[in-house]
Amino acid sequence: DVYEARQLFERSIALDPHYARAYAMLSYTHLFAWTYPLDEDHLSPTALERAHWLARKAIRLDPNLPIAHAHLGHVLTFEGQHEQSVAEFEKAIALNPNFTDWRFGTTLVRAGEPARAIQVLETHMRYDPFYEPTMPGMLGIARYFLKEYSEALPLLREFASRAPNVSQGHNWLAANLAQLGQL
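Residues numbered from 1 in each chain as written. Predicted model: local features only at pLDDT ≥ 70, side-chain atom pairs only at ≥ 80, totals over all residues. Heavy atoms only, no water.

A. Up close: the overall build of the chain. Each helix and strand counted, the chain has 10 helices and zero strands in total. Counting helices and strands in the order they occur from the N terminus, the chain gives α-α-α-α-α-α-α-α-α-α. By the compact-globule yardstick of 16 Å for 183 residues, the chain fits well, its C-alpha radius of gyration being 17 Å. Dimensions of the chain, computed from C-alpha atoms along their principal axes, come out at roughly 60 × 35 × 30 Å. In the chain, which comprises 183 residues, the proportion classed as buried is 45%. Contacts in the chain between residues far apart in sequence, at least 24 positions, make up 48% of those at least 6 positions apart. Per element, the accessible surface of the chain, about 9700 Å² overall, is 54% carbon and sulfur. Counting 16 positive and 21 negative side-chain charges, the chain places the averaged centre of each group 3 Å from the other. (Helix = DSSP H or I, 4+ residues; strand = E, 2+ residues; numbered from the N terminus. Rg over C-alpha atoms; globule rule 2.2 N^0.38 Å. Buried < 20%, exposed > 50% of the residue type's maximum accessible area, 1.4 Å probe, protein only. Contact = heavy atoms within 4.5 Å. Areas by Shrake-Rupley, 256 points an atom, 1.4 Å probe, with all protein chains shown as cover. Lys, Arg positive; Asp, Glu negative; His and termini not counted. Charge placed at Lys NZ, Arg CZ, Asp CG, Glu CD.)

Quick look at the structure:
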């Protein structure tokens, strides 16, 4: 539960106010609450600002913490600051060349770089065999934007079947099928 995680990170910070990773992870809980319709934090500017502030605080405490840069990058993409978002993810990878994060692929799709997103997402899926169920969907959406509808089709089908309650998977699958003339 996101709220239990939030309480744990807040307790960690109370015990050690200089624990950068706890700030980074707390940032993620606020962005998660902003993203998903769980409560009044959904799409609340305050929740997004808090996620941003916490990620920046984590970087101030430990500028060499890749996950802090990735969390800030994720927040920045939702703020429409795509260049800065990409730069933060690149910083995370520069700090740890083995670092991979599915959200970087999402950022690249949003930033209008679907070809690069495909490379990042395929690398992530190779490094993390337990990747998020939505990963094939992001890969399919990137292929859709490149007008590679046949290649996108099995990925979007996998997304819709692995995450059946996520409406975006069905929407993208329907759009892709329409592009293939399969109404």
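B. Seen up close, the pattern of salt bridges. In this structure the tally under the stated criterion is seven salt bridges. Among the salt bridges present, the one from Glu-148 reaches Arg-143, with a minimum N-O distance of 2.5 Å. Under the relative-accessibility criterion, Glu-148 is labelled partly exposed at 25%. Each of Glu-90, Glu-113 and Arg-116 takes part in one network of salt bridges that share partners. (Salt bridge = Lys/Arg side-chain N within 4 Å of Asp/Glu carboxyl O.)

C. Region of the structure containing the packing of helix H1 (residues 2–15) against helix H2 (residues 20–35). It is at 9 Å that the axes of H1 and H2 come closest, and there the two elements cross at 150 degrees. On the basis of their axis angle, the class for H1 and H2 is roughly antiparallel. The hand of the H1/H2 crossing is left-handed. Residues Val-2, Tyr-3, Ala-5, Arg-6, Phe-9, Glu-10, Ser-12 and Ile-13 of H1 form the contact with H2, whose own contacting residues are Ala-22, Tyr-23, Met-25, Leu-26, Thr-29, His-30, Phe-32 and Ala-33. Counted by class, the contact of H1 with H2 contains 11 nonpolar, three polar and two charged residues. (Axes fitted to C-alpha atoms, helices over the stretch in contact; angles between N-to-C directions. Parallel < 35°, antiparallel > 145°, perpendicular 65-115°, else oblique. Left-handed = near helix turned anticlockwise from the far one by under 90°. Nonpolar A, V, L, I, M, F, W, Y, C, P; charged D, E, K, R; others polar.)

D. A look at helix H9 (residues 149–162). Here H9 contains 14 residues, and its C-alpha end-to-end distance of 20 Å stays within 8% of the 20 Å for a straight helix at 1.5 Å per residue. Residues of H9 that are buried include every one of Tyr-149, Ala-152, Leu-153, Leu-155, Leu-156, Phe-159 and Ala-160, and no others. Here the buried face of H9 lies against helix H8 (135–145) and helix H10 (167–179). (Expected span 1.5 Å × (residues − 1).)

E. Structural view of H8. Burial analysis of H8 places 10 of its 11 residues in the buried class, which makes it a mostly covered element. Here H8 has its buried residues at Met-135, Pro-136, Gly-137, Met-138, Leu-139, Gly-140, Ile-141, Ala-142, Arg-143 and Tyr-144. Check the buried side of H8 and you find it contacts helix H6 (102–110), helix H7 (114–127), H9 and H10. Trailing H8 by a residue or two, Lys-147 shows a phi angle of about 65 degrees, which is positive.

F. Here's a closer look at the nonpolar core. In this structure, Ala-68, Phe-104, Leu-108, Val-109, Met-135, Leu-139 and Leu-173 are the most contacted members of the largest nonpolar core, which totals 42 residues. Ignoring sequence-local partners within four residues, the contact set of Leu-108 consists of Val-86, Glu-113, Pro-114, Arg-116, Ala-117 and Val-120. If you look at the next biggest cluster of nonpolar residues, it comprises six residues, including Leu-31, Trp-34, Ala-51 and Val-75. (Core = buried A, V, L, I, M, F, W, Y, C linked by side-chain atoms within 4.5 Å.)

G. Quick look at the environment of Ala-58. Within the element layout of this structure, Ala-58 appears in helix H3 (residues 45–61). Taking the C-alpha atoms as reference points, Ala-58 and Ser-27, 31 residues apart in sequence, are found 8.8 Å from one another. Excluding residues that lie within four positions of it along the chain, Ala-58 makes contacts with Ala-20, Tyr-23, Ala-24 and Ala-68.

H. Looking closely at the environment of Glu-88. Within the element layout of this structure, Glu-88 appears in helix H5 (residues 82–95). Owing to a relative accessible area of 15%, Glu-88 belongs among the buried residues under this scheme. In the structure, Glu-88 is positioned 56 residues away from Tyr-144 in sequence and 26 Å away in space, judged by C-alpha atoms. In this structure Glu-88 touches Ile-59, His-69, Leu-72, Gly-73 and Leu-76, once residues within four positions along its chain are discounted.

All we've got here are geometric facts, nothing functional implied.
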